[in-house]
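Fold and contact review
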Amino acid sequence: MLRNKTNKSGSDGKKVLKLKIKPFKKIPTLPSNYEDVTWEKLSDAVDAIFNKAPLLVKTTNRPNGQLGDGQEQVSREELYRSVEDLCVHKMGAKLYSRLKDKLEHHTSLIIQRLASQIRTNNIGDDLPSLSNLLESVGAVWTDFNSALSSVRSIFLYLDRSYVIQNAGCMSIWDSGLHIYREHFTTVNEGVVSEKVVQGLIMTIESESGGMAINRDLVKQLLKMLLSTGIYRTKFESLFLASASASFKTEGLSMMADLNVPFFLQHVQRRLQQSHDMVHAYLDATTKGPLVAVIEDNLFNPHTGMVLKNGFNLLMGEERVESLGMLYKLMERVGKLQDVKEALGEYVKGKVEELLGGSDSKDEVDKLLNFQSSLKLVHQKAFDGIEIFKYAVKDAFEESMNNHGNKPPMLLCKFVDAKLKQSKGITEAQVEKVLNETMSLFRHLSNKDVFEGLYRKDLSKRLLFRKSTSMDLEKFFISELKNDCGAGYTSKIEGMFKDMNMSEEITSQYETYAKDTKGGAADFSAASNTKMELWVLTAGYWPSDEQPHKLSLPPSLVAHQERFEAYYANKYQGRRVEWKHNLSTCQVEFNLPSFKSKKTLEISELQALVLLCFNDGHPKKMNELLETTGIQREELAAILQSLAMGKVSKDKGTTRVLTKSSKGKEILDSDEFAVNASFTHKLARIKIPNISSKKAEDEKEEAKALESVNRDRMHQIDAACIRIMKSRKTMKHQDLMGEIMSQLKFKANAQDIKRRIESLIEREYMERGEERGSYNYLA
Amino acid sequence: MWGSGKKKSKSGGGGKSSFDSASCTALFNKYTTEDDPFAISMEGIGDLCDDLDLDPTVDVRVLVLFFKLGATAKPGEISQGEWNRGCEALSLEGIEGFKKLIPSLDTGFMDHDEFRKFYKFVFQFSREGTNKTIEKDMVVALLQMVLCDRNNAHLNSFCEFLNKSGEENERISLDAWQSFLAFSLETSEGCEEYDMDGGAWPVLIDEYVSWKRGPADTKKK
């Protein structure tokens, strides 16, 4: 009670105002029961808050400050102030402990109520009753939160002063949660928390089963578990365990149906669901473990089965989507290696199928299609991953090279056909196909076989003018060159060079022949023959058997000799050999019945036979054999082509000769004569030599392969000598290894051994003293 | 200049033992023919064998004889020089000397090294002209002749193998011939320890072992 005295003076004049402040005579003290009274008030307030009742406290209308009987509304501010007062007067500790007890009391009541609810409603293990429980708990939690919040705001000063000053003290909020947790998990042996968790798990699982649930409630309750710190231990572990079990059985039952694409989709869906769940109510930290549970239980145990039963089918049908899913899932569980292996096996199997069949056509087309299908799938489903590309490449190589010489033979025939094809395809398209064919070519280990066969086909294309486009030919050569180096294509390029040179040589020879006296001009005029020359370097072109000694008519012989002389003079030291079986002729054919001369385009051998008939007499087989010197079999084939050709009503006949016997066979006793009634619409007639093409083809093929083989033996010899020369002495195993590594083709160990023995015989090397070693002999 | 001091015998005459080189040459000339007076060839060898009462087609001692005489220059013949040197080395006088020598021509008397050299000689001597290989039938006959007394575990089955095999083994090389001896001495009859991939045996031996093991395997089944 402060009083201020003022000193006023009555008179005019200047007077100073003095203020005096005096302390109390008696230090004011709190009433003795202040603490208890105040606490009563606060206690009532807390009760009211928890009971959701208006804040009424007992009135203090008694003069000594004691509480009376009535009740009056009290403001929160007043309560706050009371707390402050108590704290200021150093009564915080007791206040804190009393408050704690209060919270305990109320929380216990709340939980007990839930527990008894469980008991009375007989809440079992079924979803509907558990759902009810969850709803109650939800409501309870909401109320508890708001109550605690109110309490905290009232006791805020306590939080800010006493709690902070004392290290081991929990804040009011934390205490509240702590207390809640204690009761929640221990009352009635923890039946509440147990039921709640069970309910939550069942609810969530029912959603994965397709039912609609109250997501917000679930979210709220999970948050409750989180904030009370029992989410991980009480909920998550149980949840994950339950999920594991259910996914495990799910996986087993789905795979029993073996519908792989469906299974993959399902796994994908489950993963999506889990994502959803986390988004909607699960805590973010559960995401990782849940995904792992799905992968480990639903998918992982079945990867083997999936690959075994579904992979090949999916690949075969180019099911890019399913394969993409498969790829991603396998990547998650780290089993890409397995996929890679399955892919390799699939490719190998398919290639085996395509190449292994005994009676198949269009293998190369099918292989090309297969190759492009793989590429597509690889790009779209497998993300173009490198290791798969290598797996495919290795698989191709391994399986293709299991079929000996068949792959290069097939590829060669295919390329040959493409380079001769004129109809139905543009040059650009052919280029594209050739490009794709090169990818198959690259897998071959016996590329030298391809080269030998290619030259055989090329020689026919060049000499009989069957290539559709020189540009395409050159294109393919350049591809080969890029891939295998200049050495590989050297002979092939030599063949082209020869063709170009031959044009030059022919024109040079013609000039020479015209200019020189008694030269070819006379020849040409006199004998009615004109020569077009192809000079082929023997080493480049496929080896041919020695031509049989043919008897040429004098006119041709004269030409031959003339050119031989010219050539020998021009290029000293070169020897010329005439290949009559490769040459073609254009023969003038004239009968009295013709309006104008006809020209027959035929092979030289056919021409030789026809020229025999210039004297007008019919001839027998034997005569022809003697005159021409052609082998019997060959002659028979030629006569067939000339006498038994096609007869068509509109075009005419190609039967230049007539045969005496009626049947299709050429008999030794047959007599042949010029067909006086020959007619044909065209002036220029082509008569192909229909000699057994297939047998001839096979013979040529065999020769080409033989030549490649011979070459390989030489390579082994050369490598062996080279190695022995530098090392002088070597052990058997080492020598074998060295030779194999130096050879460009895969060599048979036995072949190498034989070559070694041959070299020993030829005294290039000898067996060493120690068994299993060799010495070089200079 | 060449006078006093040691006396050197030039053509084997005088010195230690008295060797009659003249009679040696005379004997040589008995078996030569008009075509070739400087070497005894197959015909002459045949006559010599008749005189010695030996059958060259089955008796290995004929070969041992020529081995010891040193007829290494050309197959199937012995030159004058070789004959003379050989006769002197063996102290052979006249046909009687040869006859006395016969018992010692048994291969059993040879040690391992000498036999190996003899074995090689047999091949080289039995070739025809400039050929480096011998026909397999001849090889079989030679093997029988040369190895029958040497307790060779593989002789019979190898000969059987050769007889049964086709054209690919028509001619046998020296390398194969020699390797066979070494192989048969090292390897047991069942060929269990034979190293097909690592061993540096000729392909012929590999084929023999596969053949040998082959029927054995089917027997087991």
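Residues numbered from 1 in each chain as written. Chains lettered and ligands numbered in written order. Predicted model: local features only at pLDDT ≥ 70, side-chain atom pairs only at ≥ 80, totals over all residues. Heavy atoms only, no water.

Moving on to the interface of chain A and chain B. In this complex, chain A contributes 14 residues to the contact, which on the side of chain B involves 17 residues. Three residues, Lys753, Glu761 and Arg771 of chain A, lead the burial of chain A against chain B; their summed loss comes to 44% of the area buried on that side. At the boundary of chain A with chain B, the tally comes to 4 salt bridges. In this structure, the salt-bridge partner of arginine 767 of chain A is aspartate 175 of chain B, at a minimum N-O distance of 2.6 Å. Summed over the shared surface of chain A and chain B, the number is 7 residue pairs in polar contact (both at pLDDT 80 or more). (Contact = heavy atoms within 4.5 Å. Buried area = accessible area lost by both parts, 1.4 Å probe. Salt bridge = Lys/Arg side-chain N within 4 Å of Asp/Glu carboxyl O. Polar contact = N/O pair within 3.5 Å; in protein donor to acceptor, adjacent residues only side chain to side chain.)

Residues and elements named next belong to chain A. Spatially, 3 strands are ordered 5-9-8 in an open sheet, and the strand pairing comes out antiparallel. The open sheet is flanked by strand 5 (619-620) and strand 8 (657-659), the only strands paired with a single partner. Bridging between strand 8 and strand 9 (residues 671-674) involves 3 bridges; their strand directions are antiparallel. In the strand pairing of strand 9, lysine 659 is matched with phenylalanine 672. Packed on one face of the sheet, helix 26 (residues 632-643) meets strand 8 and strand 9 and runs near 110 degrees to strand 8. (Pairing = 2+ DSSP bridges. Helix = DSSP H or I, 4+ residues; strand = E, 2+ residues; numbered from the N terminus. Axes fitted to C-alpha atoms, helices over the stretch in contact; angles between N-to-C directions.)

The next thing to look at is the environment of cysteine 159 of chain B. Residue and element names in this part refer to chain B. Looking at the secondary structure, you find cysteine 159 in helix 8 (residues 155-164). Among the residues examined, cysteine 159 registers a relative accessible area of 3% and is labelled buried. Along the backbone, cysteine 159 and serine 179 are 20 residues apart, and their C-alpha atoms lie at a distance of 15 Å. Once residues lying within four places of it in the same chain are set aside, the contact partners of cysteine 159 are Val140, Leu143 and Gln144. (Buried < 20%, exposed > 50% of the residue type's maximum accessible area, 1.4 Å probe, protein only.)

In terms of nonpolar packing, the biggest core is built from 154 residues, with Phe155, Phe235, Leu282, Phe311 and Phe382 of chain A touching the most fellow members. Examining the composition of this core, we find that 11 residues originate from one element, helix 4 (residues 127-154) of chain A, more than from any other. Within the second largest apolar cluster, 62 residues are counted, among which are Phe66, Ala71, Phe123 and Val140 of chain B. (Core = buried A, V, L, I, M, F, W, Y, C linked by side-chain atoms within 4.5 Å.)

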